[in-house]
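# An overview of the molecular structure
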Amino acid sequence: MSDHRSTPPDRADAAHRAAALKERIYVAFTALAVILTLQAHDADASPGRALGTLAVAVAATVCTVYLADLLSHVVVHARVPTAAEHGRMAASTLGAATVVGPAVVSLALAAFGVYTTTTGLLVATVTTVTTLTAVGLLAVRRLALPRRQRVVVMACEVVLALAVLVLGVLAHG
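Here's what I pulled together on the structure shown here. (Residues numbered from 1 in each chain as written. Predicted model: local features only at pLDDT ≥ 70, side-chain atom pairs only at ≥ 80, totals over all residues. Heavy atoms only, no water.)

## Notes on the overall build of the protein
In terms of helices and strands, the protein carries seven helices and zero strands. For the protein, the sequential pattern of α-helices and β-strands runs α-α-α-α-α-α-α. When its C-alpha atoms are laid out on the principal axes, the protein stretches across 55 × 40 × 30 Å. When the 173 residues of the protein are sorted by exposure, 29% land in the buried category. Put simply, of all contacts in the protein between residues at least 6 apart along the chain, 67% involve residues at least 24 apart. When the accessible area of the protein is evaluated, it comes to approximately 10,200 Å², of which 71% is carbon and sulfur surface. Counting 13 positive and 9 negative side-chain charges, the protein places the averaged centre of each group 9 Å from the other. (Helix = DSSP H or I, 4+ residues; strand = E, 2+ residues; numbered from the N terminus. Buried < 20%, exposed > 50% of the residue type's maximum accessible area, 1.4 Å probe, protein only. Contact = heavy atoms within 4.5 Å. Areas by Shrake-Rupley, 256 points an atom, 1.4 Å probe, with all protein chains shown as cover. Lys, Arg positive; Asp, Glu negative; His and termini not counted. Charge placed at Lys NZ, Arg CZ, Asp CG, Glu CD.)

Next comes the structure, spelled out in structure tokens:
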């Protein structure tokens, strides 16, 4: 019997949801770092170039997350994943890329001439921050804590996210 089957379904589902949440956060912060860097250093880039840069960075992050999932599974379970486990890993990892959808749409609108690249990058920043906020709110919403403690957890998430953003800007400043 595989290790996955010996884990109660509720626990396995919770672990899967936690992994998917982490992946979405990694990808969203990567996208945000790329968008902020483009704003700071290449705001005059064409929308296509900005979109291409974002796409390459997100693809690299998704591949890295998948590789990390695969290697950690092999190390923890001392075996390659079953087809079902591999399918869940791949779907979760690819699903993480969906968090950049709003930023991609923002830059695509700039590519179609709806607004400038600078405006597209600003809209992409706002939509990515909004996406991160939504992901955090959805995560906190599921906590079995009193409302006040959930607010404290969310406030801590915001402070840590701001610290990540500041570090990202300092690294590229």
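## Quick word on the packing of helix α3 (residues 47-77) against helix α5 (residues 101-111)
Relative to each other, α3 and α5 sit at 160°, their axes nearing to 8 Å. The orientation of α3 relative to α5 falls into the category roughly antiparallel. As for how α3 packs across α5, the hand of that crossing is left-handed. The segment α3 lies against α5, with Pro47, Ala50, Leu51 and Leu54 engaging Ala103, Val104, Leu107, Ala108, Ala110 and Ala111. (Axes fitted to C-alpha atoms, helices over the stretch in contact; angles between N-to-C directions. Parallel < 35°, antiparallel > 145°, perpendicular 65-115°, else oblique. Left-handed = near helix turned anticlockwise from the far one by under 90°.)

## Structural notes on the packing of α5 against helix α6 (residues 117-141)
Interaxial distance between α5 and α6 falls to 8 Å at its minimum, and their mutual angle equals 165°. Here α5 is positioned roughly antiparallel relative to α6, judged by the angle of their axes. With respect to the hand of their crossing, α5 and α6 are arranged in right-handed fashion. Residue-level inspection shows Pro102, Ala103, Ser106, Leu107 and Ala110 of α5 in contact with α6, the latter providing Thr117, Gly120, Leu121, Val123, Ala124, Thr127, Thr128 and Thr131. Here the residues of the contact of α5 with α6 sort into seven nonpolar, six polar and no charged. (Nonpolar A, V, L, I, M, F, W, Y, C, P; charged D, E, K, R; others polar.)

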